[in-house]
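Breakdown of the fold
Now for the letters of each chain:
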Amino acid sequence: MASKGWQHPYVNIFKHVRVEDWKRSAKEGDVSTYTNKTLKCSVFQIRGPVPANSYILVPKNSNQSLGLTGRYFYLLFRPTPGKYFVVHLDVSAEEGQVVRISFSNMFKEFKSTATWLQFPFLCGAAKDSVYESTAKSARHGLVGPAPISVRWTCLMLDLQYTVSVYLNRCYSHVKSIKLCANMTVKNMFTSDLLLDPGVSFSEAKLMGLASSQGTGPMPRDMSFPVPKGGSWHELYDYIRFPSEGTKLPFDSIQKGSPRHEARCVSNPRSPIREKARCVNLSKPVQDRVSLIQQITTPKSLPRNQTPVVTNIPELGLVSTHQKDDRLWNNDHHHQQESACSSSHELTSRPPCESDEGGFHVYVHGEESEEEFICTPVPHPVHLTSSKETRQQKLLPDPILRLNRIIGFGGATTKCALWTKAGDAVVYPCHAIIVSMKISSNQQRFFIGHTDKVSALAFNGNTTLLASAQTGHGVVRVWNYNKGNCLAMVRVHAHSISSLSFSYGGGILCGVGKDSHSKTMVVVWNTLNVSKGGEVTILAKAHTDVDIHTIKVAFFDDTRMVSCGRDNIRLWRVRNGSLRSCPVNLGEYHSMDFTDVAFEEGNSSNWHLDDRTLFASSRSGYIFEIDYSRVVIRNVRRLLPVQQQHATRRDKWTFYTGPGIAINSISVSSSFCATGSEDGFLRLWPLDFSAVFLEAEHEGPVSLVSVSSDSLQVLAGTSTGNLGFLDVSSRGYNTLMRSHTDTVLGFSVDGIRRHLTTASSDGTVRIWNMDSLHQLYDFVSEDSPSSVAFHPSEQVFSCGFSSGIVRVFDISSAKLLAEHKQHRGEVVGLAFSPDGEFMYSADSQGSLALYDASEEDHSAIRVVCNVVARGTERAPDALTVSSDSRCLAFVGPSEYIVTIADARSLDELLHVDVSILDVESPRLDSALKVCFSPASTEHLLVATSANKILWVSTKTGRLLREVSKVQKHQCSSLAVSEDSRYLLTAGHNAVKVWDYNMQLNINSQMFIGHSQAIRQVSFTPDQLGVVSVGDAIFLWDFLAHPVDSLTDNRSPLRVSHISTPRSVQPGAEVSRVQLSTGMPRQTAPLPSSPPPRLDVSTLDQVDQGVLGSLSICDDTTTVPAVPVPTTGSRPSSDRRPAVSFLKVTELVNPSPLNTSHMDAVELKGKKPVRPDCYRHFIPRFKSSTLDQAAVAPQPGEEGIKLKAVIGYNGNGRGNMVWSPDQGLFAYSCGCVVVVEYLHTGSQRHLQGHSEEISCLAVTNDAQTVASAAGGSNGSKSLICIWDVLSGTCRNTISYHRGAVQSLAFSRDDCFFLSAGDFSDLEVALWSCKTFQLLSSVSVSGPIHDAAFSPSAASQLACVGSEGAYFCLIHTHGLDVDLKVQRVKAPAEVGDVELTALCYHVDTFLFTATNRGHVCVWDVNTQQCFMTWEADEGEIGMLLCRGNRLLTGSNTRWLRMWEVEAVQGMKPQANVCSGEDSGTMVVLEQEIMLDGTTVSAAFDNTMDMGIVGTTAGTLWYINWSDNSSTRLVSGHKTKVNDVVFSPDEGQFATCSEDGSVRVWAAPSNELVVQFQVLNQACGCVCWSPSSSKDSVCVAAGYSDGTLRIFRLASSEMEMKLHPHRVVVTAIQYSANGHVILSAGKNGLVAVSSSVNGATIRVIRDHKGAQITTIQCVNEQCKNFGLEGNEMWLAASSDRRVSVWAADWWKDKCDLLDWLTFPAPAYFGDESPPPSLAAFCPADPSLVVYTGYGVEKELSFYSLVKKQIIKKIALPHWATCISLSGKSQLIAVGSKERVLKLIKSTSGRFQDFLQHSDSLQTCHFSPSGTLLFTVAYNEILLWEVQGL
């Protein structure tokens, strides 16, 4: 199961298990083999009167599994006539549950249980038989035994669909298969491909069916024979489940509609058109359709008044390929198209026909061969053939021309070539070959490859170009100057990795892999290819030798040289054979050779002896080889510069040591160029004495090539960069940069002609669309998913897969805002065209609205569960209308399109696209939405049925639809600004359509991309089109301007010609509205209003990849006010208010030569966490606080916080202690705990909602400051607390990230706060008013800060960039903070300074992340002494007198005597403590249980308190070298907490495998039981009343139970009743047995005496048990015998209630509850199913879980019904019922603890947790309540509601 690769494309199951051997398979009863005459092969016959007694079973043993992961199961069989048969498939779900899927003609109806699905099989009859007519009249197949004429059948079961739809589970694999009598079976197999048995391999090839598209023909060994000229479907049956149509009876397996018989290939009938037929709908469908029509159809519109039927002309038909004539069935029609039109899609215009030096790739004839339906609804159009209408086609032809491509590489970055003249470079970009002029960056294209180009080669004078592609071996030879393809050669090889032309062009040599994955070398004769001759194979050879590169010798066309792993070989062609000999490598034979090159020289007069060959290797060696003697002359090695000389670059030489991998080598007459893995291009003299020129690149150099004049050296990198070094000027020019992975989406800044793209390579880049230069590069650890430019400002936003949305100012390279409203990947991102608002949507269904007019882009509103879930609609799930009034998206389900108010997100309209086509047997879902210009009031919707729907944005009415938009589903769409053209993308093709669909040939299709297009759109100036996917394609849009004589649609459209495309000097600046600043031509000022356009240009293309476009002009929306027909409106309203531009911005674009510095700054803007533990990083939480929850008024709380158990070891400096005043405070979660050590009582300071990072206390101990992150992405919150009253005096919200450090000055006048690595700012505050006095931005992250203990105006900070010495200057009321940064001393290396503390007045101690302590003179700001105080990182320093305390991540706490430091005098050189004669002495040390994160000691350093990451606060007494636990907490997640029956103790268990028992009410840890390498998931107490016999039982992740006796503090017993994680455990009410449950749903009943498993209850098998509870209750009232009841709840929303008497070994099912729920589509697991007995009345069961509604249900076991429900605002994650006051505690993922009065429904919310609640438990008496969120344990005192 580790690898599924071997199962592709299919698994022949009989062959896999060798069924005829019967070793891995079993047979029973009458099973025989014979040769079937129909199939002409051996088949198995299974016969028997009882099907269960005769069968074939695979695998043989039930404990084995086939492990077949293919989605589709195929069975080739024939039911025995007049008999019954049964087939059983045991399928495993990902949850571990095994489900049996059975089908048989014995079953009369569909049945299902949790583990068994039974489908009736309806046998079909042979065509034209009496049985067939009977079946048709019955509307379904024959029920019962198979008819006499039953045929051989290919049955396909979609196992993934079946398990998902019928059981709501995820399919994993097939476990076993059982074929029972009576049947004849040929074979069975599994595959991930949807195979068509009726298609031959040749037909599949013509249709373009390929495994990469998930389809294909049936494998030959699985196919049924078809006589020549015959039809497969005439002879055999093909049954698919699920079927494609609606057939009765439902949930049955039967033959589908005979759609395959209408294949165009074998249908000779002439075109016949029938009128639309009536569709008989079932009653439920009729009701649903009529209801929708009532809702969506305007009442005032008569039925006979259809919108403009004349707009859609009758469409012509091609008679050469007739399809099925029933056009009313759209689904049927779509199926025919895929079979018929594919043969015509391969004819393309040769590239040489492009005019004006440009290039377009246009596929002709597609629409001429293809029918598409375009009808106003609801009237169908009768289509007839018409020669006149056939002449109407989309003009100009072609309408697009490929202009430029941004990208390099694809399959390889190792091939790029110089032309002979050295003026152009040829390189691959995925499936296209690009020739670029290096002076102008002008590009030419060679297009013809169907997959990514893997190799290129030029002949000597660069007139012939050869290229190869990945996948199937195709080699093309091109005329380079003309650009046309001269020849195409198919090779029986794949993965062609190297090509080489001979100098004269007569020989071409290539290397690839044959079908057996052996290396194959082929030599072709290309001598006559320029004259139209054929390319023939001269010789070929197969070898086991690895070959990386091969080159033809320039001096002899018959000689080649190759290199690869462990070999260099010389080849020669003689007499039609290809032979080779290896170079004797001697001791260097085990090397990976990467490249070979001949010494320069074209003269054939050179003797062979003079030829020298150079070879490079991955270990850094360069070999000089004597070609004639085939021996090594010299070996040299490239070594890195020595470490100590890194500052001064010595000359490169060769000697021993670790080498630098050389990837490429190129030799000229005077020097040699090498490209290496360290990113350097180096030029060497031919004797390799020293490097004379080098250029460093951003990534490994994969290619070098010297031009023929030796003046320029081309270099390519594996990171997608291509450039060249000018040898004479020593200047470097970058030709091309590119993304290294799929481009997900883009956005265009039409003003500055900038393009921003997001890619799967983790970068966001900004490009200049004219020069193709990369301007900025934003690198992030988080993957970007969508981008959007602001319509007018130099601002863009980016959404990430983590859900974060960041907004950047490009001009200042500044991060403006960071929002964390989303949980899932950002799938939509858009600005409103007026620039006022920004919108984002995520994959979890959330939609957010931001104020884009403010710099921080604050969030205005966030709405959940309104957008359809999933990432398939990224990056443009949102579209905004061009008037900025409306927002549209798919949601809340995939079948609904919602139009919302763009300013408030209030829903305006819902359109259900699934019912718009009532004739379709499938539910259609929406994929993409796009507004047309607001004047048209159109919303375009692309659907899963490959249609585009025109929907009215006012009424939701369907106005028009177009079928078969693309060959594959539409991934992106956009409308031109003048609403004349529609742009769509599907798979790797772009289509341009006539928007009104008034032509016969309404579209043109363009190819070029090698993989799926993610997004396509018009540029804002409407002069171009951008498409992205494998690379960035920039197209010229050649459409003519609107012609008033030919445009008869609307008189308003004519006026659009005068819409301004350039800024006139006299125009009012604030009213200029342009889509770009690049006019097509000078245009007059407008004199009339804009037309009512129905298209959105750029914006709302369905960008398949990036967030919705934020391009200047075209987000279409629904206008609330119609556009007037007069010219009186101001210019600002004439067109969509997208771009308000300033004239000054157009005349002064940002200069390109300054972009490099900006790019560096922007790239560095992404915060990177420092490499030290001292820096605080909040624990990751997926939960968010419910902002609507309101805490009760003081004094009215139903529960009061009594105690906090634990300490947050993830904080830094989050404990303070003032021994003189007796103040001791620390943080746990979002609560500050003030503890009184003499009494053990606590006071709690509650004001934060997020995890507290640090604390600080004033010197008088009257004030405490605490800092925590803000909720929902807001700024951090600092609270200032009055210790005596416990109230919050003040709050500060300043830092954007977390707060790293807080400090008060010695005189308590100043207060300092330092931001974390994402907010590099230090702020100084007044302690009186807590107003900001001064703030300073620093160059790197700050880790610690402190005020001087004597000088109130001095303070210091340390961080990644060194130490910062600060002085406070006061000028009246003004306060300035002066900062001087000093780097760490060089003697300690490249370190981060992590902690600091002052020593007396003049010295400062700092620590490093490598264990050093540095001593600084404060006055001179010099470090004069260091010593190594620890082996790890020191994160805590504390100095009192002459004693220094260090704490580190090695867990050591050390005390140093540093009195000798005072005698030191600062000197020029830093000395160590040992070398100087001054000794710092280690006095004492102690090892703790974790890394030190906080510390506080008294003035003499004799005693103190230390906090560790283990969640422990230790009391340290150095006088007796002792350590005592003051506070203990769990470090990891707490899974359970429960009180003992007498409430004298409580137990907790955790993910770290510990079980802890605590004393109550002191809350002190009594004993801890630790199990290593296991997680403890549940714990319970025995009900014993005797203290000596009290036990605690716990369940672990390895399936074991452990019972601990508290009296002896030892483990008493270990049980192993489960093989999976134990999820619930409970003693029976009388303690005689232990009930435990596993993740697989099995409940084990074990003896508490001897540990034996008494019984296993399997009723919940397959679903995780979440709850077990036992109560004392006589069961006679329920008619069963027993003295106690218990229940179990499982994750499939089922609850079983049992009556038991364990003494009598009785356990009977009392009730079984199943709660309904819709399918769950969330990324995370659904809410748990929770159940509990009501303490006051055990006959009531309370249940909550995922369902139709969020609620608590009260089920009566007596009445057998739900008697009460209480609605909840959130899904519950935990519940507990109190035996007192009828209270219910409910916890949720939204961090809210809800206390509910079950009788009245009254409730209160409590928000003291900083994460989602996972456990809550009332004490047995109901007076106390425990709640747990991650490792925060809160104990509440219950007062009652």
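Residues take numbers from 1 onward in each chain, read along the sequence in its written order. The predicted nature of this model means local features are confined to residues of pLDDT at least 70 and side-chain atom pairs, given and counted, to a pLDDT of 80 or more, with totals for whole chains, interfaces and linings taken over all residues. Only heavy atoms go into the side-chain values, all of them from the structure, while hydrogens and water stay out.

Turning next to the overall build of the chain. A tally of regular secondary structure across the chain gives eleven helices and 129 strands. When the 1841 residues of the chain are sorted by exposure, 59% land in the buried category. We call two residues contacting when some pair of their heavy atoms lies within 4.5 Å. In the chain, the share of contacts with a sequence separation of at least 24, taken over all contacts with a separation of at least 6, comes to 53%. Accessible areas in this description were obtained via Shrake-Rupley with a 1.4 Å probe; residue shielding takes into account the shown protein chains only. Accessible surface for the chain amounts to roughly 72200 Å². Of this, 49% is attributable to carbon and sulfur atoms. Secondary structure counts use DSSP, requiring at least four H or I residues in a row for a helix and at least two E residues in a row for a strand, with both numbered from the N terminus. For every residue, the accessible area obtained with a 1.4 Å probe (protein chains only) is divided by the maximum for its type, and the residue is called buried under 20%, exposed over 50%, and partly exposed between those limits.

So, on to the pattern of salt bridges. Here a salt bridge means any side-chain nitrogen of Lys or Arg lying within 4 Å of a carboxyl oxygen belonging to Asp or Glu. On inspection of all chains with the given rule, the structure shows 48 salt bridges. With a shortest N-O distance of 3.8 Å, D544 and K518 are connected by a salt bridge. Taken together, the residues D544 in the loop between strand 29 (536–543) and strand 30 (549–552) and K518 in the loop between strand 27 (507–513) and strand 28 (519–525) connect sequence positions 26 residues apart. Looking at D544, the relative accessible area reads 67%, which means it is exposed. By relative accessible area, K518 is classed as partly exposed at 30%. Across the pair E961 and K947 runs a salt bridge whose closest N-O atoms are separated by 3.9 Å. Linking E961 in strand 65 (residues 958–962) with K947 in the loop between strand 63 (938–943) and strand 64 (948–952), this pair joins segments that are 14 residues apart in sequence. Judged by its relative accessible area of 5%, E961 is buried. Looking at K947, the relative accessible area reads 6%, which means it is buried. The network of salt bridges with common partners includes D1430, E1431, R1454 and E1485.

Turning our eyes to something else, we now look at the confidence of the model for the chain. pLDDT is a per-residue confidence score from the predictor, ranging from 0 to 100. Across the chain, the average pLDDT comes to 81, with 81% of residues at 70 or higher. Between the elements of the chain, mean pLDDT differs from a low of 29, seen in helix 10 (residues 1143–1147), to a high of 96, seen in strand 111 (residues 1622–1627). Here residues 128–142 is a poorly scored stretch, pLDDT under 50, and it has 23 contacts once near neighbours within four places are set aside; other chains count. Residue range residues 364–390 is modelled with pLDDT below 50. Its contacts to residues more than four positions away, or to other chains, number 90 contacts.

In terms of burial, strand 47 (residues 754–759) is a largely internal element, six of the six residues being buried. Of the two faces of strand 47, the one carrying H754, T756 and A758 and the one carrying L755, T757 and S759 are both buried. Both strand 46 (residues 743–749) and strand 47 contribute to a ladder of six bridges, which runs antiparallel. Bridging from a neighbouring strand, S747 pairs with T756 of strand 47. Following DSSP output, two strands are said to pair if at least two bridges run between them. Following strand 46, the chain reverses through four residues before pairing antiparallel with strand 47; R753 in that reversal takes a positive phi of roughly 50°. One ladder, built from five bridges, connects strand 47 with strand 48 (residues 763–768); its direction is antiparallel. Across the sheet, H754 pairs through a bridge with N768, a residue of strand 48.

Time to look at the packing of aromatic side chains. What counts as a ring pair is set by centres within 6.5 Å for rings of Phe, Tyr and Trp (its six-membered ring), and what kind of pair is set by the plane angle: stacked under 30 degrees, edge-to-face over 60, tilted for all other angles. For the structure shown, the criterion picks out 63 aromatic pairs. Relative to F121, the ring of F85 lies with its centre 5.2 Å away and its plane at 75°, an arrangement referred to as edge-to-face. Of the two residues, F85 sits in the loop between strand 6 (72–79) and strand 7 (86–93) while F121 sits in the loop between strand 10 (116–120) and helix 2 (130–137), which places them 36 residues apart along the sequence. Ring centres of F1403 and F1424 lie 5.4 Å apart, and the angle between their planes is 55°; on these two criteria the pair is classed as tilted. Taken together, the residues span a long stretch of sequence, with F1403 in strand 91 (residues 1403–1408) and F1424 in strand 93 (residues 1422–1428) at a distance of 21 residues. Under the relative-accessibility criterion, F1403 is labelled buried at 6%.

Side chains of a nonpolar character, in soluble globular proteins, are inclined to be buried together. Membership of the largest hydrophobic core comes to 52 residues, with the highest contact counts inside it found for I399, L400, Y427, L722, V992, I1032 and F1037. It is strand 72 (residues 1032–1037) that contributes the most residues to this core, five residues altogether. Ignoring any residue separated from it by four or fewer positions in sequence, one finds Y427 in contact with G407, F408, C415, A416, I432, I433, V434, M436, Q443, L456, L722 and M736. W22, V58, A181 and V185 belong to the second-largest nonpolar core, a separate cluster that totals 45 residues. Only buried residues count toward a nonpolar core, which is a set of Ala, Val, Leu, Ile, Met, Phe, Trp, Tyr and Cys residues joined through side-chain atoms within 4.5 Å.

Judged by pairing direction, the sheet is antiparallel, and its four strands sit side by side in the order 78-79-80-81 without closing on themselves. On the outer flanks of this sheet lie strand 78 (1252–1257) and strand 81 (1287–1292), each paired with one strand and no other. Geometrically, the sheet is characterised by an average inter-axis angle of 20° between neighbouring strands, direction not taken into account. With six bridges joining them, strand 79 (residues 1263–1268) and strand 80 (residues 1277–1282) adopt antiparallel strand pairing. Paired with A1268 across the two strands is L1277, which belongs to strand 80. Think of each axis as a best-fit line through the C-alpha atoms, taken over the contacting stretch in the case of a helix, with angles from 0 to 180 degrees between the N-to-C directions.

Moving on, we come to the sheet that holds strand 30. Overall, antiparallel pairing links the four strands, which are arranged 30-31-32-33 in an open sheet. Here the strands that pair on one side only, and so sit at the sheet edges, are strand 30 and strand 33 (577–582). Strand-to-strand, the axes of this sheet are offset by a mean angle of 25°, without reference to chain direction. Here strand 31 (residues 559–564) runs beside strand 32 (residues 567–574); their pairing, made up of six bridges, is antiparallel. Paired with R559 across the strands is R572, a residue of strand 32.

Okay, the side chain of S562 next. You can see S562 is positioned in strand 31. Within the structure, the side chain of S562 is placed 2.8 Å from the side chain of W571, a separation counted as a polar contact. Throughout this description, a polar contact denotes any pair of N or O atoms lying within 3.5 Å of each other; where both atoms belong to protein, one of them has to be capable of donating a hydrogen while the other can accept it, and for residues adjacent in sequence the pair is counted only when both atoms sit in side chains.

Turning our eyes to something else, we now look at the pairing of strand 118 (residues 1706–1714). Walk down a regular strand and you will see the side chains alternate between the two sheet faces. Bridging between strand 117 (residues 1694–1701) and strand 118 involves eight bridges; their strand directions are antiparallel. Across the sheet, the residue bridging to S1696 is W1712, located in strand 118. Adjacent in sequence and paired antiparallel, strand 117 and strand 118 are bridged by four residues, among which D1705 carries a positive phi angle near 55°.

It is worth spelling out the environment of G1359 at this point. The residue G1359 is located in strand 87 (residues 1354–1359) in this model. Sequence separation between G1359 and A1384 is 25 residues; the distance between their C-alpha atoms is 9.8 Å. If we ignore the near neighbours within four places in the chain, the residues touching G1359 are P1341, I1342, H1343, Y1364, E1392 and L1393.

Here we come to helix 3 (residues 159–167). For helix 3, every residue scored as buried is listed here: L159, T162, V163 and L167. Seen along its axis, helix 3 keeps its buried residues to an arc of 90°; they face one direction. Between the side-chain oxygen of the N-cap and the backbone nitrogen of Q160 there are 3.3 Å, and the N-cap of helix 3 in question is D158. Just downstream of helix 3 lies N168, where phi reads positive at about 55°. Here, the arc refers to the directions that run from the helix axis to the C-beta atoms.

This brings us to the environment of D90. Checked against the element boundaries, D90 lands in strand 7. The spatial distance from the C-alpha of D90 to the C-alpha of I101 is 6.3 Å, given a sequence separation of eleven residues. Every residue in contact with D90, bar those within four places of it in the chain, is listed here: V98, V99, R100, V174, K175 and S176. In terms of polar contacts, D90 uses its side chain to reach the side chain of R100, at 2.9 Å.

Structurally, R1693 is set in the loop between strand 116 (1684–1690) and strand 117. Of the side chains bearing the opposite charge, D1692 lies closest to the buried R1693, which forms no salt bridge; the N-O distance is 6.9 Å. In this view, R1693 contacts L1713, T1714, F1715, P1716, A1717, S1729, Y1743 and Y1746; residues no more than four positions away in its chain are not counted. Under the counting rule used here, the positive set is Lys and Arg, the negative set is Asp and Glu, and His together with the chain ends is not counted.

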